[in-house]
Amino acid sequence: MTTVLVKTLLYPFWSAVSVTDTTIGASGAIYGVLLAAAILFPDRQIWLIPFPVTIPMKIYVAGAIAIEFFSTLGTGGDNVSHITHLGGALVGYLYLRRGLFLYRFRNDYLD
């Protein structure tokens, strides 16, 4: 959804670039789950594989999101939708923040 929104804003008259590009996969959802884990368990120690080092979850996720953000500024050509990853992280953040629409919707639905 984020990819379609960004491409529509960049190419408002439905040029060939915005219509013919497709995005498949679940990596945006993975970034949403990563950000949710960092919000819920910020000080949880994780192993940084393949190095025998543990770091807090919040540092790991902040680094992963920073890498994705700076990858969007590159020239492209790697066939990865970095905007989708950032959109998944944004949705994960919005879903867990108190007082927002999605938080109330989730609690009303579960109750």
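Residues numbered from 1 in each chain as written. Predicted model: local features only at pLDDT ≥ 70, side-chain atom pairs only at ≥ 80, totals over all residues. Heavy atoms only, no water.

Novice: Quick question: what am I supposed to make of the packing of helix α3 (residues 27-40) against helix α4 (residues 57-72) here?
Specialist: The description of two helices packed together rests on the angle between their axes and the distance between the axes. Running from N to C, α3 and α4 point in directions that differ by 145°, and their axes come no closer than 9 Å. Once α3 is placed against α4, the crossing between them reads as left-handed. Listed contacts from α4 to Tyr31, Leu34, Leu35, Ala37 and Ala38 of α3 are Met57, Lys58, Tyr60, Val61, Ala64, Ile65 and Glu68. (Axes fitted to C-alpha atoms, helices over the stretch in contact; angles between N-to-C directions. Helix = DSSP H or I, 4+ residues; strand = E, 2+ residues; numbered from the N terminus. Left-handed = near helix turned anticlockwise from the far one by under 90°. Contact = heavy atoms within 4.5 Å.)

Novice: How should the nonpolar core be read in this particular structure?
Specialist: Side chains of nonpolar character tend, in soluble globular proteins, to be buried together. Counting 10 residues, the largest nonpolar core is built from Tyr31, Leu35, Ala37, Ala38, Ile46, Ile55, Met57, Val61, Ala64 and Ala89. Elements with a contribution of two residues or more to this core: α3 and α4. If you tally residues by element for this core, the top one is α3, at four residues. Among all residues touching methionine 57, those that are not within four sequence positions of it are Ala37, Ala38, Phe41, Pro42, Arg44 and Ile46. (Core = buried A, V, L, I, M, F, W, Y, C linked by side-chain atoms within 4.5 Å. Buried < 20%, exposed > 50% of the residue type's maximum accessible area, 1.4 Å probe, protein only.)

Novice: Honestly, the packing of aromatic side chains in this entry has me stumped. Any pointers?
Specialist: Per the stated rule, a full pass over the model turns up one aromatic pair. On the basis of an interplanar angle of 70° and a centroid distance of 5.3 Å, the ring pair of phenylalanine 69 and phenylalanine 70 is categorised as edge-to-face. Given the relative accessible area of 55%, phenylalanine 70 is considered exposed. Note that arginine 44 overlies the ring of phenylalanine 41, its terminal NZ or CZ placed 4.9 Å from the centroid. (Phe/Tyr/Trp six-rings, centres within 6.5 Å; stacked < 30°, edge-to-face > 60°. Lys NZ or Arg CZ within 6 Å of the ring centre and 35° of its normal.)

Novice: Just checking my understanding: could you explain unusual backbone geometry for this structure?
Specialist: Leaving glycine aside, a negative phi is the common case for residues, and trans is the common case for peptide bonds. Omega for the peptide link from isoleucine 49 to proline 50 comes to 10°, which places this bond in the cis form. Of note, proline 50 is situated in the loop between β1 (45-47) and β2 (54-56).

Novice: Sorry if this is basic, but what is going on with the side chain of histidine 85 here?
Specialist: Here histidine 85 lies in helix α5 (residues 82-96). At 2.8 Å, the side chain of histidine 85 and the side chain of glutamate 68 are in polar contact. (Polar contact = N/O pair within 3.5 Å; in protein donor to acceptor, adjacent residues only side chain to side chain.)

Novice: Hey, could you run me through α5 in this one?
Specialist: Each turn of an α-helix holds 3.6 residues, which means side chains three or four residues apart point in the same direction. The terminal C-alpha atoms of α5, which comprises 15 residues, lie 22 Å apart, in line with the 21 Å expected from a rise of 1.5 Å per residue. Taken together, the buried positions of α5 are His82, Thr84, His85, Gly87, Gly88, Ala89, Gly92 and Leu96. (Expected span 1.5 Å × (residues − 1).)

Novice: Can you walk me through the pattern of salt bridges in this structure?
Specialist: One side chain can pair with another of opposite charge once the charged atoms of both are near each other. Per the counting criterion, the structure on display carries one salt bridge. A salt bridge links aspartate 43 to lysine 58; the shortest N-O distance between them is 3.3 Å. In this pair, aspartate 43 sits in the loop between α3 and β1 while lysine 58 sits in helix α4, placing the two residues 15 residues apart along the sequence. The class of lysine 58 is partly exposed, set by a relative accessible area of 42%. (Salt bridge = Lys/Arg side-chain N within 4 Å of Asp/Glu carboxyl O.)

Novice: Is there a simple way to explain the packing of α3 against α5 in this structure?
Specialist: It is the contact of α3 with α5, at a shortest axis distance of 7 Å, that shows an interaxial angle of 40°. Taken together, α3 and α5 sit at an angle that is classed as oblique. For the element pair α3 and α5, the recorded crossing hand is right-handed. Contacts from Ser27, Gly28, Tyr31, Gly32, Leu35, Ala36, Ile39 and Leu40 of α3 reach α5 at Thr84, His85, Gly88, Ala89, Gly92, Tyr93 and Leu96. Residue composition of the contact of α3 with α5, by class: eight nonpolar, seven polar and no charged. (Parallel < 35°, antiparallel > 145°, perpendicular 65-115°, else oblique. Nonpolar A, V, L, I, M, F, W, Y, C, P; charged D, E, K, R; others polar.)

Distances and angles like these do not, on their own, reveal function.
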